[in-house]
Amino acid sequence: MSKSREPVESLLLYYLFKWSIVSPMLHLYFRGRIYGAENVPTEGPLVVVSNHASDFDPPILSNCMRRPVAFMAKEELFKVPILKQAITLYGAYPVKRESADRSAIRSAINSLENGWATGVFLQGTRTPDGRITEPKLGAALIAAKAKAPLLPVSLWGTHAIASKGSGLPRPVPLTVRIGKLIEAPGSSDREELEALTQRCAIEINAMHDLGR
């Protein structure tokens, strides 16, 4: 039986991290703008699908959802004491690098069944300008198997955060646009998954093209 909300301890950690670090950074340092926050369901399973251009994307995206978002994380991080417990509590689940890890997909589905929002980058990897050029079917497949709706999100400006030769992030302006909820696919039929994936890519790129 699926749950409607994340564990209380995960919610507490989420809000602590959000209000002490991520939100001040986003609004003061990056002068962040957020559009469409009212489109986010406050509870229940949800696949948040977005573009990806920076290592800063997961915390920024989760911050703007106003609820925890579970992301795949490198399996090596789960071998580090304390960090393992912290990211697990925050909803992360391990994935093997350079492989299509079925256990990670299963973990994503499990998190959805437990009431989490799960974040999936539509192209699976970072792109230089944040635009999606080669969307993958993973998000649609996970949504189909978990019977969870999808929420397209555009992260604009994050590609410019990293500065060569500097360990500090650049204070570039960021804009997050949250689209309308998309119903879960009715089946795992490849044609339907491909159509839904293309729809997500088109909507995310359209929001991204709006710029600041």
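Above this text you will find the structure in question.
Model, not experiment: these values are computed from the prediction.

Engineer: Let's hear about the pairing of strand 6 (residues 117-121): which residues, and what values?
Structural biologist: Across the five residues of strand 6, five count as buried, placing the element largely inside the fold. What you see with strand 6 is no split at all: Ala-117, Gly-119 and Phe-121 on one side and Thr-118 and Val-120 on the other are buried throughout. By the bridge criterion, five bridges tie strand 2 (residues 46-50) to strand 6 in an arrangement that is parallel. Counted as the bridge partner of Val-47 is Thr-118 from strand 6. Note: strand 3 (residues 69-70) against strand 6, two bridges, orientation parallel.

Engineer: Can you tell me about the nonpolar core, naming the residues and giving the values?
Structural biologist: Across soluble globular proteins, nonpolar side chains show a tendency to be buried alongside one another. The biggest cluster of nonpolar side chains holds 25 residues, and the ones touching the most others in it are Val-47, Val-49, Leu-122, Ala-139, Ile-142 and Leu-150. Listed by contribution, the elements that provide at least two residues to this core are strand 2, helix 4 (102-113), helix 5 (138-146) and helix 6 (190-209). Broken down by element, the residue count for this core peaks at six residues, all from helix 5. Beyond its immediate sequence surroundings of up to four residues, Leu-122 is in contact with Val-49, Ser-50, Ile-132, Pro-135, Lys-136, Ala-139, Thr-197, Cys-200, Ala-201 and Ile-204. Among the nonpolar cores identified, the runner-up in size contains 23 residues, and Leu-26, Cys-64, Met-65 and Val-176 belong to it.

Engineer: Outline unusual backbone geometry, supporting the account with residue identities and numerical values.
Structural biologist: In this structure, Arg-31 is a non-glycine residue whose phi angle is positive, near 50 degrees. With respect to the helices and strands, the residue Arg-31 is situated in the loop between helix 1 (8-29) and strand 1 (33-35). The exposure class assigned to Arg-31 is partly exposed, which follows from its relative accessible area of 44%. The phi torsion at Lys-147 lies on the positive side, around 55 degrees, for a residue other than glycine. Residue position: Lys-147 is located in the loop between helix 5 and strand 7 (150-156).

Engineer: Talk me through the pattern of salt bridges; I want residue IDs and the actual numbers.
Structural biologist: With the rule as written, the count across this model stands at six salt bridges. Here Glu-6 makes a salt bridge to Arg-67, at a shortest N to O gap of 3.3 Å. Placement of Glu-6 in the segment before helix 1 and of Arg-67 in the loop between helix 2 (57-65) and strand 3 is noted, with a sequence separation of 61 residues between them. Like Glu-6, the residue Arg-67 is buried in the burial classification. Of the charged contacts in the structure, one is a salt bridge between Glu-194 and Arg-190, with a shortest N-O distance of 3.0 Å.

Basis of the calculations
- Residues numbered from 1 in each chain as written.
- Predicted model: local features only at pLDDT ≥ 70, side-chain atom pairs only at ≥ 80, totals over all residues.
- Heavy atoms only, no water.
- Buried < 20%, exposed > 50% of the residue type's maximum accessible area, 1.4 Å probe, protein only.
- Helix = DSSP H or I, 4+ residues; strand = E, 2+ residues; numbered from the N terminus.
- Pairing = 2+ DSSP bridges.
- Core = buried A, V, L, I, M, F, W, Y, C linked by side-chain atoms within 4.5 Å.
- Contact = heavy atoms within 4.5 Å.
- Salt bridge = Lys/Arg side-chain N within 4 Å of Asp/Glu carboxyl O.

That's the geometry; what it means functionally is another story.
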